[in-house]
Amino acid sequence: GIQVEQSPPDLILQEGANSTLRCNFSDSVNNLQWFHQNPWGQLINLFYIPSGTKQNGRLSATTVATERYSLLYISSSQTTDSGVYFCAAQPILTGGGNKLTFGTGTQLKVEL
Amino acid sequence: DTAVSQTPKYLVTQMGNDKSIKCEQNLGHDTMYWYKQDSKKFLKIMFSYNNKELIINETVPNRFSPKSPDKAHLNLHINSLELGDSAVYFCASSQVGYSTPAYEQYFGPGTRLTVT
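All values derive from a computational prediction rather than experimental measurement.

What counts and how
- Residues numbered from 1 in each chain as written.
- Chains lettered and ligands numbered in written order.
- Predicted model: local features only at pLDDT ≥ 70, side-chain atom pairs only at ≥ 80, totals over all residues.
- Heavy atoms only, no water.
- Pairing = 2+ DSSP bridges.
- Helix = DSSP H or I, 4+ residues; strand = E, 2+ residues; numbered from the N terminus.
- Axes fitted to C-alpha atoms, helices over the stretch in contact; angles between N-to-C directions.
- Contact = heavy atoms within 4.5 Å.
- Buried area = accessible area lost by both parts, 1.4 Å probe.
- Salt bridge = Lys/Arg side-chain N within 4 Å of Asp/Glu carboxyl O.
- Polar contact = N/O pair within 3.5 Å; in protein donor to acceptor, adjacent residues only side chain to side chain.
- Nonpolar A, V, L, I, M, F, W, Y, C, P; charged D, E, K, R; others polar.
- Buried < 20%, exposed > 50% of the residue type's maximum accessible area, 1.4 Å probe, protein only.

A. Summary view of the sheet that holds strand 1 (residues 4-7) of chain B. Residue and element names in this part refer to chain B. Taking strand neighbours across the sheet as the criterion, the four strands line up as 1-3-8-7 in an open arrangement whose pairing is antiparallel. Two strands lie at the open edges of the sheet, namely strand 1 and strand 7 (64-70), each paired on one side alone. Each neighbouring strand pair of the sheet contributes to a mean axis angle of 20 degrees, computed without reference to strand direction. The pairing of strand 7 with strand 8 (residues 73-78) spans five bridges and is antiparallel. Its bridge partner being in strand 8, proline 66 is matched across the sheet by leucine 76.

Rendered as structure tokens:
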């Protein structure tokens, strides 16, 4: 099945810093999503981005489908950005149901 | 106005018991899913239902039995609970899933199951 790798596994930032999280996937994808799991365990949809670039406030994401990677940019980080960031991908398959395969996540801690 | 809801939020039970987790979505989606997050935070799909029909079963033990009474509900029943079943279980939903690109999945708040 598809392999989804995220880097870095851990990241510590000072408040106000910028960062880039990377997601590599092994197959062509039909769906690519970024999630933030907050310290209370809730999975929050950040971006649905099988290709192209999107922005939402301080966050933006880019997926280069032909090169099989996606990037999540966090600018002017805040302590509330702390948590785990997951990338999840669904390969292009014929006849199969939707199935997101998750990466192992990037644990982000933003300090004052 | 919760989109995907799950009950209960926490579940503590003893080995050998049978328990159920319920999921409901009010997004009008046709497809619902169960995912499991283990103690190392790894998330993996367990089941997927499209309009009450099982379409994905990821080699989950037979002790796990999903049931979908209608396309807005997907419940998970677990028999003879084991210590290794302790995890967070997430329900999700999306529109019907054979398009390109596939539709976005939306997740519920999770149910933390602890088996003692």
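B. Main features of the interface of chain A and chain B. Contacts between the two partners involve 22 residues from chain A, matched on the other side by 26 residues from chain B. Both sides together, the interface formed by chain A and chain B hides about 2000 Å², and carbon and sulfur atoms give 54% of it. On inspection of chain A and its partner chain B, the count reaches one salt bridge. The tally of links between chain A and chain B comes to seven residue pairs in polar contact (both at pLDDT 80 or more). Looking at the side of chain A that touches chain B, the elements that each hand over two or more residues are strand 4 (29-37), strand 5 (43-48) and strand 9 (83-91) of chain A. Take the side of chain A that touches chain B: its biggest share by element is five residues, from strand 4 of chain A. Across the side of chain A that touches chain B, the residue classes tally to eight nonpolar, 13 polar and one charged.

C. Representation of the pattern of salt bridges in the model. Scanning the model with the defined rule gives six salt bridges over all chains in all. Across the pair aspartate 81 of chain A and arginine 58 of chain A runs a salt bridge, and its minimum N-O distance is 2.8 Å. Taken together, the residues aspartate 81 of chain A in the loop between strand 8 (69-74) and strand 9 and arginine 58 of chain A in the loop between strand 6 (52-56) and strand 7 (59-64) connect sequence positions 23 residues apart. For arginine 58 of chain A, a relative accessible area of 26% puts it in the partly exposed group. Its salt-bridge partner being aspartate 85 of chain B, residue arginine 63 of chain B comes within 2.8 Å of it at the nearest N-O pair. With arginine 63 of chain B in the loop between strand 6 (53-57) and strand 7 and aspartate 85 of chain B in the loop between strand 8 and strand 9 (87-94), this residue pair connects regions lying 22 residues apart in the sequence.

D. The arrangement of the sheet that holds strand 1 (residues 4-7) of chain A in detail. All names here are of chain A. Spatial strand order, 1-3-8-7-6: five strands in an open sheet with antiparallel pairing. Across the chains shown, the open sheet's two edge strands, defined by having one partner strand only, are strand 1 and strand 6. The average undirected angle you get between the axes of adjacent strands in this sheet is 15 degrees. Where strand 7 and strand 8 come together, six bridges link them in antiparallel fashion.

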